[in-house]
Amino acid sequence: MVKYIYTLLLLCVTTLTFAQPNQEELEQKKQKLLKEIQEKEAQLQSVRSKEKSVAKLLQIQKEKIGLKESLINTTEKQTKVLSNNIYLNQREVNKLNKELKELKEDYATMIVKSYKSRSTHSRAMFLLSSENFSQAYKRFQYMKQYNSYRKMQGEEIKRKTTELKDYNAKLSGQKTEKELLLAEQEKQKQELVKEKLDQEKIANSLKKDKKQIAAEIKKKQQEAKKIDAQIQKLIRDAIAEANKKAAAAKAKANPKTTTAAETKAIESSTKIVLTPEGQIISNNFKANKGRLPWPVEKGAITLGYGNQTHPVYKSLVIHNSGIEITTESGANARAVFAGEVTKVIVISPLNKAVCVQHGDYFTVYQNLSSVNVSAGDKVTAKQALGKIRTNAEGKTVLKFMVSQNTTYANPQQWISQ
């Protein structure tokens, strides 16, 4: 029963170890986080020297704190993986020590018996005292096997001793590594406390400029509303054009049965009247909700969908009709699904948007400095649509929107997590 419980415990620990990320993956993640933290620190220094608005300072500081917390979490996972490995290796060391002790005791007993046997009977006398040749041969084979067994036992003791030495060395190294990780984790926690104090100082400084920030937000919101209105008109125009074609196709296919009232109803609908082909495309797009590729190859969501409260002034609300994804300089916007480009909007010489239709769904890619496609082009999933603009603050941000007809949806629920 005790042996069964021991085996079950060992199996559980081993399963837990395999279920966790391995040390190499965690180390790679940690190095990536450290790199991102360095980038945020560089941005922070740049903003401090160039920007007057402390709102930018607060946002970057907040992102940096988030990365620090992720780094601490990763280090904690590394420590847990090491602890499990140390535990398993310690069990192996204990097992080897026990086996080695039993081997040595068995070998010592055998040597003592052999010595006593040699003191009373010589090897020759043992053989000569045989009653016949067959018995002498058997005694000879026995002595031969006995000597072989002694040699094998000696080699097994030597092998177990070497194996034990290797495990002890590995265990010592892992314990040292764990101590270094714990020290590193403590240092990271102290740095995090400092970062949060810095954030508090920035926030206090920010409160002094509340009126200015509120005015900036209002101005940006007005600009965003104008752009949203342009996009809404574009989608309405696309719906009207699609319905006009659908009405004409229906009248052509059934000239005798299609009435003027039916044609007018199709043309005046505020939603796309889908053809059988369009219905298939729409159904396929809907079926991939939560699994669509990201509209950028690499990036992170830095502003969510809908009403977002200001990080300091909770009374200030920022409305976002899509999501904002911050990516690296020079990155391209990518189509998230196959479709047709309905329009390329030139918001300003440095700000363009591409609208792609997927049945009665639309995806919009805004804040492009240049565009690779034109209205009417068929595009495939992950096809580059244009270069994302890098603003004066050095940020490369794509605004991505999803709508069914003219009703916006949360894009974050559509892309893979």
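Please read all numbers here as calculations on a predicted model, not as lab measurements.

Visitor: Looking at this structure, how should I read the overall build of the protein?
Guide: A tally of helices and strands in the protein yields 8 helices and 12 strands. Counting every position in the protein, which comprises 417 residues, the buried fraction comes to 35%. A separation threshold of at least 6 residues defines the contact pool for the protein, and within that pool the share at least 24 residues apart is 72%. About 25,600 Å² of surface is accessible on the protein, with carbon and sulfur atoms providing 55% of the total.

Visitor: Looking at this structure, how should I read helix 8 (residues 276-287)?
Guide: Because an α-helix packs 3.6 residues into every turn, residues spaced three or four apart end up facing the same way. The first and last C-alpha atoms of helix 8 sit 16 Å apart over 12 residues, in line with the 16 Å expected at 1.5 Å per residue. Inspection of helix 8 places Gly278, Ser282 and Phe285 among the buried residues, and these make up the whole buried set. Seen end-on, helix 8 carries its buried residues on one side only, within an arc spanning 60°. The exposed residues of helix 8 that point more than 90 degrees off its buried face are Pro276, Glu277 and Ile280. Looking at the packing, one finds that the buried side of helix 8 touches strand 7 (351-358), strand 8 (361-371) and strand 11 (396-404).

Visitor: Any chance you could explain the pattern of salt bridges here in plain terms?
Guide: Where side chains of opposite charge bring their charged atoms close, a pairing between them can arise. Applying the stated criterion across every chain yields a total of 3 salt bridges. A salt bridge links Asp237 to Lys233, with the shortest nitrogen-to-oxygen separation between them at 3.0 Å. Of this pair, Asp237 and Lys233 both sit in helix 6 (residues 210-253), 4 residues apart, which is roughly one turn of that helix. Looking at Lys233, the relative accessible area reads 47%, which means it is partly exposed. Between Lys378 and Glu340 there is a salt bridge whose closest N-O contact spans 3.2 Å. Here Glu340 lies in strand 6 (residues 339-348) and Lys378 lies in strand 9 (residues 378-379), a separation of 38 residues in the sequence. Taking relative accessible area as the criterion, Lys378 reaches 63% and is therefore assigned exposed. The exposure class of Glu340 is partly exposed, given its relative accessible area of 29%.

Visitor: Teacher, can you tell me more about the pairing of strand 11 here?
Guide: A regular strand places its side chains so that they alternate between the two faces of the sheet. Most of strand 11 is tucked away: 8 of the 9 residues are buried. Across 5 bridges, strand 4 (residues 323-327) lies against strand 11 in antiparallel orientation. If you follow Ile325 over to strand 11, its bridge partner there is Leu398. With 6 bridges joining them, strand 8 and strand 11 adopt antiparallel strand pairing.

Visitor: I'm lost on the side chain of Asn243 in this one. Help?
Guide: Residue position: Asn243 is located in helix 6. One polar contact links the side chain of Asn243 to the main-chain carbonyl oxygen of Ser269, over a distance of 3.3 Å. Ignoring any residue separated from it by four or fewer positions in sequence, one finds Asn243 in contact with Ile266, Glu267, Ser269, Lys271, Ile272 and Val273.

Visitor: Teacher, can you tell me more about the layout of surface pockets here?
Guide: One water molecule sets the probe size; rolling that probe over the atoms shows where empty space is left. Taken as a whole, the second largest pocket holds about 620 Å³ of empty space. Taken together, 24 residues form the lining of the second largest pocket, with Ala242, Glu340, Gln357, Gly359 and Lys378 sitting closest to its centre. When contributions to the lining of the second largest pocket are tallied by element, the ones reaching two or more residues are helix 6, helix 8, strand 6 and strand 7. The leading source of residues in the lining of the second largest pocket is helix 6, at 6 residues.

Visitor: How should I be thinking about the environment of Asn372 in this particular structure?
Guide: Inspection of the secondary structure assignment puts Asn372 in the loop between strand 8 and strand 9. Each C-alpha atom, one on Asn372 and one on Ala384, is 7.2 Å from the other, the two residues being 12 residues apart in sequence. Look past the residues within four positions of Asn372 in its chain and what remains in contact with it is Ala384, Leu385 and Gly386.

Visitor: Help me understand the environment of Asp228 in this model?
Guide: Checked against the element boundaries, Asp228 lands in helix 6. According to the relative accessible area criterion, Asp228 is buried, its value standing at 14%. It is 7.7 Å that separates the C-alpha atoms of Asp228 and Ser321, two residues lying 93 residues apart in sequence. What Asp228 contacts, discounting residues up to four positions off in sequence, is Ser321, Lys399, Met401 and Tyr408.

The rules behind the values
- Residues numbered from 1 in each chain as written.
- Predicted model: local features only at pLDDT ≥ 70, side-chain atom pairs only at ≥ 80, totals over all residues.
- Heavy atoms only, no water.
- Helix = DSSP H or I, 4+ residues; strand = E, 2+ residues; numbered from the N terminus.
- Buried < 20%, exposed > 50% of the residue type's maximum accessible area, 1.4 Å probe, protein only.
- Contact = heavy atoms within 4.5 Å.
- Areas by Shrake-Rupley, 256 points an atom, 1.4 Å probe, with all protein chains shown as cover.
- Expected span 1.5 Å × (residues − 1).
- Arc of directions from axis to C-beta.
- Salt bridge = Lys/Arg side-chain N within 4 Å of Asp/Glu carboxyl O.
- Pairing = 2+ DSSP bridges.
- Polar contact = N/O pair within 3.5 Å; in protein donor to acceptor, adjacent residues only side chain to side chain.
- 1 Å grid on protein atoms, 1.4 Å probe; cavity = no way out; pocket = protein on both sides within 12 Å on 5 of 7 lines; lining within 4 Å.
- Points joined across faces, edges and corners; volume = space filled by probe spheres on them.

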